[in-house]
Amino acid sequence: MNDKQHTIQAPVTVSGIGLHTGVVSNMTFRPAPVNHGFKFQRIDLPGQPVVAADADFVVDLSRGTTIEQNGARVNTVEHTLAALVGLQLDNVLIELDGPEPPIMDGSSIEFVKALQQAGMQEQNALRNYFEITSGITYKDESRGVEIVALPLDDYRLTAMVDYNSPVLGSQHASITNMDQFAGEIAPCRTFVFLHELEALYKQNLIKGGDLDNAIVIVDRVVKDEELSYLSDLLKKPKVQVKKEGVLNNTDLRFKNEPARHKLLDLMGDLALIGRPIKGQILAARPGHAANIAFAKKVKKMIREASIKSVPTYDPKKKPVMDINQIAATLPHRYPFLLIDKIIHLDETTVTGVKNITLNEPFFQGHFPGNPVLPGVIQIEAMAQTGGILVLSTVDNPEDYWPYFLGIDKCRFKRKVIPGDTIIFKCELLAPIKRGIAKMSGQAFVAGQLVMEAEMSASIVKKDA
């Protein structure tokens, strides 16, 4: 697995019709900065709103996963996201001039080819893995669905399906290494049972469906008059049933292509967790509703773990930002640049390190015979850590001033003395609006809480 974050080297565009909306659109993958994640942008709408690929923004699960944010909706995102995850990308902006990514051939392979053509670019930041440390289970007994995540220092997935069909029977598919994705999972197409077709059309779905972008499974005897009706419905001159139970379509690419496509869907839906996973996912009879319910369960655990967890600091690991990178981001300088390293940074959380030594200039006059790190210095150091988080949300942080606006609920728990290493953790309490951020902050020494507070800060453009 990659340790560093990755984006693509250059923009690349694919075009085609959307499966459910039937609208032709152009979709452009664009490079994105560190900690950007996957975001869609509806460039056809006023203001070109952005929709983050996040399980919290899922609004519809009718035969696909639809997300909506800022008044913009993007349908059927799972095949696109599966391609990004399968290629171990982290930061990509996906521009769309329509409501839905192109369905292409019903798989992710054309997206994979386009992304490979664009090329991969390593970025100077570590991947923010969420490690499964104990079993996580989701069940829907009414549908016979179960999804389990188990601890593993890797990312592996297995999908098992059973449709009580004489054509499909029981199938399973696995991916044990992401390098397998492009060749073994990405080419696997979406599928539908023959008896579902008419109902889907009447639900105003699969407007862009075609026998070239989906496998239609025939699991019963079909009379000639029904085939004629389907020919008219699908706007095809002739519809036939092949011996293997696939309607008028090319041969299956794999004997278990349906199970592999379910695995592809699972990978795409779990991308909405928002972080790469270390763990083993086992899914029995997965579907979009169960996948998203499981993704939301994992997201909730991530939030709870983030609140409860004490940051760990391994000085042997390369930091996300060293002192030179911090100095290039923050306007502070000696003797008031107080953070030595940033060891974690994502969209909502930042962790910074400060090493306390007797050589700090304030110790000359602050209890010289009993040196204690001043509380105001702790607050300022924590504010600078939070400033890194706030500045990470803009494209050119060097063009902005970070200002400390206020502090609330500040408590000092233990004294901090020379020789200590203090770990600052700041987390957004709400999304940043109009450049204003409110954060909770904690400071730890040797795993013990020494200070906590809530802070507010703003970023202002330097030429404003």
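The structure this text deals with has already been given above.
Read on for a plain summary of the structure.

Calculation notes
Residues numbered from 1 in each chain as written. Predicted model: local features only at pLDDT ≥ 70, side-chain atom pairs only at ≥ 80, totals over all residues. Heavy atoms only, no water. Helix = DSSP H or I, 4+ residues; strand = E, 2+ residues; numbered from the N terminus. Buried < 20%, exposed > 50% of the residue type's maximum accessible area, 1.4 Å probe, protein only. Contact = heavy atoms within 4.5 Å. Areas by Shrake-Rupley, 256 points an atom, 1.4 Å probe, with all protein chains shown as cover. Axes fitted to C-alpha atoms, helices over the stretch in contact; angles between N-to-C directions. Parallel < 35°, antiparallel > 145°, perpendicular 65-115°, else oblique. Nonpolar A, V, L, I, M, F, W, Y, C, P; charged D, E, K, R; others polar. Pairing = 2+ DSSP bridges.

1. Some remarks on the overall build of the chain
Part 1: Regarding its fold elements, the chain presents nine helices and 24 strands.
Part 2: Split into buried and exposed, the 464 residues of the chain put 53% on the buried side.
Part 3: The contacts of the chain with a sequence gap of at least 6 include a subset with a gap of at least 24, amounting to 71%.
Part 4: A total of about 21300 Å² of accessible surface is found on the chain, and carbon and sulfur atoms cover 50% of it.

2. What to know about helix H1 (residues 78-86)
Part 1: Judged by how many residues are buried, H1 sits mostly within the fold: nine of nine residues are covered.
Part 2: All of the buried residues along H1 are Glu 78, His 79, Thr 80, Leu 81, Ala 82, Ala 83, Leu 84, Val 85 and Gly 86.
Part 3: Once H1 finishes, Gln 88 follows within two positions and takes phi at roughly 60 degrees, a positive value.

3. Section: the packing of H1 against helix H6 (residues 257-270)
Part 1: Look at H1 against H6: their axes get within 7 Å of each other, and the N-to-C directions meet at 85 degrees. With respect to H6, the element H1 is oriented roughly perpendicular. From H1, Glu 78, His 79, Leu 81, Ala 82, Val 85 and Gly 86 reach across to H6, where they touch His 261, Leu 264, Asp 265, Met 267, Gly 268 and Asp 269.
Part 2: Of the residues assigned to the contact of H1 with H6, the class counts are five nonpolar, four polar and three charged.

4. Considering the sheet that holds strand E7 (residues 66-69)
The strands making up a sheet associate through hydrogen bonds between their backbones, and the pairing can be parallel or antiparallel.
Part 1: Taken in spatial order, the three strands line up as E6-E7-E8 in an open sheet, and their pairing is antiparallel. Strands with a single pairing partner mark the edges of an open sheet, and in this sheet they are strand E6 (58-60) and strand E8 (72-74). Taking each pair of neighbouring strands and ignoring which way they run, the sheet shows an average axis angle of 35 degrees.
Part 2: In terms of strand pairing, E7 meets E8 through three bridges, oriented antiparallel.

Coordinates in, geometry out; function isn't part of it.
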